[in-house]
Amino acid sequence: MYKDTLLIFINRLFVNLSLVLGTYLFAHQLQPADFGVYQNFWTQFNTFFAIAGLGLASFIFSYTPAKVIQIFRSLNTARKGLGIGLILACALLFGGLQYKAGVNFGYAAVFLVFNTLSIFTDSFLTIFKKYKALVAINLVYFLFFTGLHLFAIRQAPFDFNQLLLALCALVLLKFVLSFFIIRKLFRQADVQALEDRKYLRLWTHIYLFDLVQILLIYLDKFIVSVFTAAEVSVIYQNGTYPIPIIPILFTAVSSVTLMRFSTETGSEAVQAKILSDSGKALATAVFPVFFFFLFFAHEFVQFYFSDKYLESVPIFRMSLLMLPFKAFNFTLLFQRKEMGSLINKGVVIDVLTLLLLVFPLYKVLGLKGIPLSYALATLAQASFYIYHHKKVLAQDFSAILPLKDWARKILIFGSISFVLHYVFSELVFLPLFWTLALSFSIIAVTAAGFLYKEIRINNNVRH
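Residues numbered from 1 in each chain as written. Predicted model: local features only at pLDDT ≥ 70, side-chain atom pairs only at ≥ 80, totals over all residues. Heavy atoms only, no water.

Draft legend 1. Main features of the overall build of the protein. A count of helices and strands for the protein gives 20 helices and zero strands. Counting all 463 residues of the protein, 50% fall into the buried class. Residue pairs in contact within the protein that sit at least 24 positions apart in sequence constitute 83% of those at least 6 positions apart. Carbon and sulfur atoms form 68% of the exposed surface of the protein, whose accessible area is close to 21,500 Å². (Helix = DSSP H or I, 4+ residues; strand = E, 2+ residues; numbered from the N terminus. Buried < 20%, exposed > 50% of the residue type's maximum accessible area, 1.4 Å probe, protein only. Contact = heavy atoms within 4.5 Å. Areas by Shrake-Rupley, 256 points an atom, 1.4 Å probe, with all protein chains shown as cover.)

Written out as C-alpha cells, the structure is:
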C-alpha cells in the first residue's frame, strides 16, 4: 500500500508542483491585475476540467486492469461520441471565457482538451502500474513547464498567450507519449467482451459525485473570477488557494485502496481494516500539513504570494478547515460495492447544507464565512457517510475510523506547530524562507517517523 501510494504520489506531484512554482514566480513578478488573469485562468480551467474529466480518473480504480479493458472495449459509438462531445463543449466554453479576458480562444480550448486526455492516460498507466514510464513523462513535463514559466517571466512585456501556446505543445507531447504506451497494453490484452452494464450506473454516480464536489470547490472562485476585476478576485483566489500536496496524496491513497479492494476478498472486518489503514496513512500527511499552515498562514502568504496579498490571510486560515476531512475517503466503500446512489445522497446533503449556511455566514463574517460554510457542509456530508459505513459493514466506528491514531497525531502535530511558531515569531528571528523551511522540516521528520513505524507494523502483520 505505502509503496504504490508513494509511486502514484510522486507522479502526480510533478504535474502539480509545476503549477505551484509557476504561481510563486508570477505572484512575485507580475502586477496584481496580470497575476489575477493568470489565477483566473487556472480557476476557470479547473472548473471546466471537472466536467470534461467524465469522472474517469476515479471510476477506473474500482476495477482490475482486465475489467477496465473490457469496459472500454464494450463502449458503443454513441457513448464514445457523448464523451468526446462533452469534452469539446467544455473546451469551447472555456475558450470563450478566456477570449473575453484577452487570452487566445484556440490556445485555451486546445490546452483543456489535451490536459483532459492526459489525465485519462495517466490514470490508465497507473492502474497498469507503469510507474517508471509515468515518472519519466511527468518529470520531463515538470522541467519544461517550469522552464517555460521562467522564460516567459523574463520577457518584456509579459505575454500570456505566448506561454500558453508553448504549454499546449508540451501537454500534446505528454499525451502522445502516454497514448502509445497504453495502445500497446490494450493490444496485448486478451479479454472477452463485457455483457454486464452495471458499471455504467456506477460510472454515472461517480461522475456526478466528482463533478459536484469539484464544482463546489471552485464555484465561489469561479463566480468571483468572472464577475470581479482581476486585481480584486486575486485576493480571494489566494485566500482559498488549495494546498496541492493533500489532493495528490488523497487521490494516491484512495487509488491504492480501491485497487486493494478489487484484488483482495474478505469479511466486513477485513474491509473495515483496509479503510482504517488508509485513514492512518492519510492522517500522517494531512494533520502535519493542516497545523503547519494554520499556525504559519501569515508567513506562508507573505512568502509565497508576497506582501501585496496579506489581505488573503484570514480567508486562507478559514479555508484550511476543509483539510482534516481529507484524512479519510468517505466514499471508497460505496464505490467498491457499487452503491452510487448512496454516494449522491450525500452530495445532496452537502449542497443543501451549503445553500442554507453560505449566505448567513457571509453576512456575519464576510468573505471568511464562505469557506466556513463549505467546511460545515462537508461535516454534515461526512456524518451521513460514516453512519452508512456502520450499517453496511456492521462494525463499530472505532473499527472503521482510526480515532486513537488521529487523536495522537492531532495532539503531537498541533503542539509541535504551536511551539515552532512561538519560537520563530517571539524568540528566534530568521528570514521567512528559513522560518518556513526549518519549521516544515521538523514537522516532516516527525511525520516520517510515524510513517516508518506504520510501514514496519504493516510488514510485520503481513509476515
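Draft legend 2. Quick peek at the environment of I119. The topology assignment puts I119 in helix α6 (residues 105-127). Taking the C-alpha atoms as reference points, I119 and L56, 63 residues apart in sequence, are found 8.7 Å from one another.

Draft legend 3. Structural view of helix α7 (residues 131-153). Helix length check: α7 (23 residues) gives 33 Å between terminal C-alpha atoms against 33 Å at 1.5 Å per residue, within 8%. The set of residues buried in α7 consists of Y131, L134, I137, N138, Y141, F142, F145, T146, H149, A152 and I153. (Expected span 1.5 Å × (residues − 1).)

Draft legend 4. Spotlight on the pattern of salt bridges. If you walk through the whole model with that rule in mind, you get four salt bridges. Measuring nitrogen to oxygen at the nearest pair gives 3.1 Å for the salt bridge that ties D122 to K174. Taken together, the residues D122 in helix α6 and K174 in helix α8 (residues 160-188) connect sequence positions 52 residues apart. Residue D122 shares its accessibility class with K174, and that shared class is buried. Put simply, D405 and K409 hold a salt bridge, and the shortest N to O gap is 2.9 Å. Taken together, the residues span about one helical turn, with D405 and K409 both in helix α19 (residues 403-427) at a distance of four residues. Here the two residues D405 and K409 agree in accessibility, since each one is buried. Here the salt bridges share partners, and the residues they tie into one network are D405, R408 and K409. (Salt bridge = Lys/Arg side-chain N within 4 Å of Asp/Glu carboxyl O.)

Draft legend 5. Region of the structure containing helix α2 (residues 32-52). If you check α2, its first and last C-alpha atoms are 30 Å apart, about what 21 residues at 1.5 Å a residue would give, namely 30 Å. Within two residues after α2, L54 carries a phi angle of roughly 60°, on the positive side.

Draft legend 6. How the structure looks around unusual backbone geometry. A positive phi angle, near 95°, is found at S306, a position not held by glycine. Topologically, S306 is positioned in the loop between α13 (297-304) and α14 (313-319).

Note that all results are geometric; they support no functional claim without further evidence.
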